[in-house]
Amino acid sequence: MRQNWFMDWRQGCWERTGAPAAKAEIMIASDWAPIRNFAPVIARDPEAVYGDLLDELRRADLRIVNLECPLTNRGAPACKSGSLLRGRPADVRALSAVPFEAATLANNHVFDYGVAGFQETCRVLRAHGIRAAGAGLTGKEACRPLRLNVKGLKLAIVNFSEGEDLTAAAAGPGVRGWEIDAIVQQVRAERQRADLVLAIGHCGLEYIPFPPPYVARAFERIAEAGADLVIGHHPHVPQGVQIHRNTPICYSLGNFVFYQETGLAYRKIGYLVKAVIAGQSLSSIQLIPYEILADRLSLLRGDKRTRFFKMLARVSRPLQTRGGADQAWRGFLRYYGVRGFQAEVRMIMDRLAAEPAKGAAMFRNRLTTMQHREHWQSVLTRIMEGTLDDAPDWAYALARDWLTRKR
């Protein structure tokens, strides 16, 4: 098959030229947590939260979702930098009702209620026939790929995250951490035995329109190692799509079943990725955009859908070149600026004075987690060099838009 380096942004799709007829469809969704507004909806009717996305999900042959919290009544709350999330064991019905057959667990919330909460979550998933990847009671278990069969095809899922709040597994329980060399080797190995290799990473800086350079470099390496499709989530807003050496990379799908109390526009939209397998390889992807309402998800149609794809095309174009991606990152640094850094440090210091353990966790996380360390190092270096404002106006404007636009 010939290579196709471009998305069709009129339809939000990409396909390999000359691909044979479709054999199987896989639907990939991002962050799922039965919290806030969605908690009573899910408790009352496990299907209702998906709105008119439910039919789209059920048409696929296999469904994968990122479980962004433990489902447990056990465990003690972790002392960590960010918020603590938890669903009830009964909330699993909203996963099995679709049904989601696979859940990725390499994220920054699955250990929010410790090992006991994680263990109960795993038991609940197993009892409902949902297989999981990306976390475990040992490093070996956390790093194990998930191998599935779909319509006679072999699928391998390699799931990883940044190990935020020092949750990366080593000798003990944790998530698959930011070990890109090892992940590249694993993708190469799975390429030899699977028809389709899917790499899913939970990483990057929250709420910004573009992936930081370290995420872009890592995802490109994983694509070059043989992944057929690379998917990202964690930023809680949609980010662009890159076709790298004939491999689609979706840097962030935005929120899914994850309600945030905000009027900011980009935290209220996201997209599913439908991956179509033809022959023995990926033949196309289709992006399925939706909005997040107060009580359910809703497909974007008509003008809303058209505007969504125009918006996503706008943030995808810079990613097609190394220089464009770097300029996009500098645009965010310019928007964040000295004042942004001062405000963040002041907020952490105030918390350190009021709640020493919480403040210490926040400061430690800024120093140890890749997303925060890269952010702070980049902005401080550019302040020292006097180049903080040396970024294109278009990149600055996009960063401002993503971080401030209201619905």
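Residues numbered from 1 in each chain as written. Predicted model: local features only at pLDDT ≥ 70, side-chain atom pairs only at ≥ 80, totals over all residues. Heavy atoms only, no water.

A. Highlighting the nonpolar core. Within the largest apolar cluster, 74 residues are counted, with the highest numbers of intra-cluster contacts made by I26, I28, I64, V273 and L287. If you tally residues by element for this core, the top one is helix 7 (residues 213–225), at 8 residues. Discounting chain neighbours no more than four positions away, the residues touching V273 are I26, M27, I28, L229, I231, C250, L253, I285, Q286 and L287. By size, the runner-up hydrophobic cluster in this structure holds 46 residues, among which are W32, I35, I130 and L299. (Core = buried A, V, L, I, M, F, W, Y, C linked by side-chain atoms within 4.5 Å. Buried < 20%, exposed > 50% of the residue type's maximum accessible area, 1.4 Å probe, protein only. Helix = DSSP H or I, 4+ residues; strand = E, 2+ residues; numbered from the N terminus. Contact = heavy atoms within 4.5 Å.)

B. Layout of the layout of surface pockets. In this structure, the largest pocket encloses a volume near 860 Å³. In terms of lining, the largest pocket is formed by 34 residues, of which the most central are E206, Y207, E344, R366 and H372. Contributions of two or more residues to the lining of the largest pocket are made by helix 9 (322–354), helix 10 (356–368) and helix 11 (370–385). The residue makeup of the lining of the largest pocket, split by class, is 11 nonpolar, 13 polar and 10 charged. (1 Å grid on protein atoms, 1.4 Å probe; cavity = no way out; pocket = protein on both sides within 12 Å on 5 of 7 lines; lining within 4 Å. Points joined across faces, edges and corners; volume = space filled by probe spheres on them. Nonpolar A, V, L, I, M, F, W, Y, C, P; charged D, E, K, R; others polar.)

C. Broad picture of the pairing of strand 10 (residues 196–202). Of all 7 residues making up strand 10, 7 are buried, and the element is well covered by its neighbours. Side chains L196, L198, I200 and H202 project from strand 10 onto one buried face, and the interleaved V197, A199 and G201 project onto a second face that is buried too. With 7 bridges joining them, strand 8 (residues 153–161) and strand 10 adopt parallel strand pairing. Looking at strand 10, one finds that I157 is bridged to L198. Bridge count between strand 10 and strand 11 (residues 229–233): 5 bridges; the pairing is parallel. Residue pairing across strands places L198 opposite L229, the latter belonging to strand 11. Crossover strand 10 to strand 11 through helix 7 is right-handed. (Pairing = 2+ DSSP bridges. Right-handed = clockwise from strand over helix to strand, strands pointing away.)

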